[in-house]
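A look at the structure
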Amino acid sequence: MKKIKIKYFTEEIEKLAYIDGKSDWIDLRAAQSVDMKAGEFKLIPLGIAMELPEGYEAHIVPRSSTFKNFGIIQANHQGVIDSSYCGDNDQWFMPAYALRDTHICVNDRICQFRIMENQPKLIFDEVASLNGKDRGGFGSTGKN
């Protein structure tokens, strides 16, 4: 089990908890109350910073209920925080775009994250033909 150093920027949010057996994604909460008008962009503070181990990164995405509950989408669709983002002032934020007027309360669960190993080094081998079955192109589930 990896041990990760975490710094909280506020006492108003619940501490992070890994719930074994439920999901390997961990909820992140708004660290302050936020009002947004339709069409407005804001960086919503998440109230934490972490010192990720070398060779690991955090992937941040919205929760499945975020749009339904708050009418916001994550502007970068998925955030990636690498291990170099590890200083005392490197608070995590969710870049949010509002599609309707909304209010987000401090401690509301608005996104989630997981920690992943960095992608291994790859070498691309250019070929004239691939050996896999042709499924019909992007977005196709195949014809047969």
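Refer to the preceding data block for the structure.
Scope of this entry: the structure provided in the associated data block.

1. Quick notes on the overall build of the protein
In terms of helices and strands, the protein carries 1 helix and 11 strands. From first element to last, N terminus to C terminus, the protein shows the α and β order β-β-β-β-β-β-α-β-β-β-β-β. Here the protein has a C-alpha radius of gyration of 19 Å; the compact-globule value for 144 residues is 15 Å, and the former is much larger. Every one of the 144 residues in the protein was classed for burial, and the buried ones make up 33%. Once local pairs closer than 6 in sequence are excluded, the contacts in the protein between residues at least 24 apart make up 76%. Summed over its atoms, the accessible surface of the protein is roughly 10,100 Å², and 50% of this surface lies on carbon and sulfur atoms.

2. Focus: the nonpolar core
Counting 25 residues, the largest nonpolar core has L28, I44, I72, W92, I104, I110 and F113 as the members making the most contacts within it. Within the residue set of this core, elements represented by two or more residues are strand 2 (26-29), strand 3 (34-36), strand 5 (48-51), strand 6 (56-62), strand 9 (93-98) and strand 11 (109-117). With sequence-adjacent residues up to four places away left out, I104 is seen in contact with A30, Q32, S33, V34, I44, F70, I72 and I110.

3. A short note on the side chain of R29
Mapping R29 onto the fold places it in strand 2. A relative accessible area of 15% places R29 in the buried class. Polar side-chain contacts of R29 include one of 3.4 Å to the side chain of E14. A polar side-chain atom of R29 sits 2.8 Å from the main-chain carbonyl oxygen of N107.

4. With respect to a nonpolar patch on the surface
A contiguous nonpolar patch, built from F41, L43, F67, I73, Y85, F93, Y97 and L99 and spanning about 730 Å² of accessible area, is present on the exposed surface. At the level of secondary structure, the elements contributing two or more residues to the nonpolar patch comprise strand 4 (41-45) and strand 9. Examined against the element boundaries, Y85 turns out to sit in the loop between strand 8 (79-82) and strand 9.

5. Describing the environment of K7
Here K7 lies in strand 1 (residues 5-8). Polar side-chain contacts of K7 include one of 2.9 Å to the backbone oxygen of D88.

6. Here's the deal with the sheet that holds strand 8
With antiparallel pairing, the 4 strands of this open sheet are ordered in space as 2-11-6-8. Two strands in the sheet have a free side with no partner beyond their single neighbour: strand 2 and strand 8. Pairwise comparison of adjacent strand axes, ignoring direction, gives a mean angle of 30° for this sheet. Pairing between strand 6 and strand 8: 4 bridges, direction antiparallel. Looking across to strand 8, one finds that H59 is bridged to V80.

Definitions and cut-offs
- Residues numbered from 1 in each chain as written.
- Predicted model: local features only at pLDDT ≥ 70, side-chain atom pairs only at ≥ 80, totals over all residues.
- Heavy atoms only, no water.
- Helix = DSSP H or I, 4+ residues; strand = E, 2+ residues; numbered from the N terminus.
- Rg over C-alpha atoms; globule rule 2.2 N^0.38 Å.
- Buried < 20%, exposed > 50% of the residue type's maximum accessible area, 1.4 Å probe, protein only.
- Contact = heavy atoms within 4.5 Å.
- Areas by Shrake-Rupley, 256 points an atom, 1.4 Å probe, with all protein chains shown as cover.
- Core = buried A, V, L, I, M, F, W, Y, C linked by side-chain atoms within 4.5 Å.
- Polar contact = N/O pair within 3.5 Å; in protein donor to acceptor, adjacent residues only side chain to side chain.
- Patch = residues over 30% accessible without salt bridge, like charges linked within 9 Å, V, L, I, M, F, W, Y side chains within 5 Å.
- Salt bridge = Lys/Arg side-chain N within 4 Å of Asp/Glu carboxyl O.
- Pairing = 2+ DSSP bridges.
- Axes fitted to C-alpha atoms, helices over the stretch in contact; angles between N-to-C directions.

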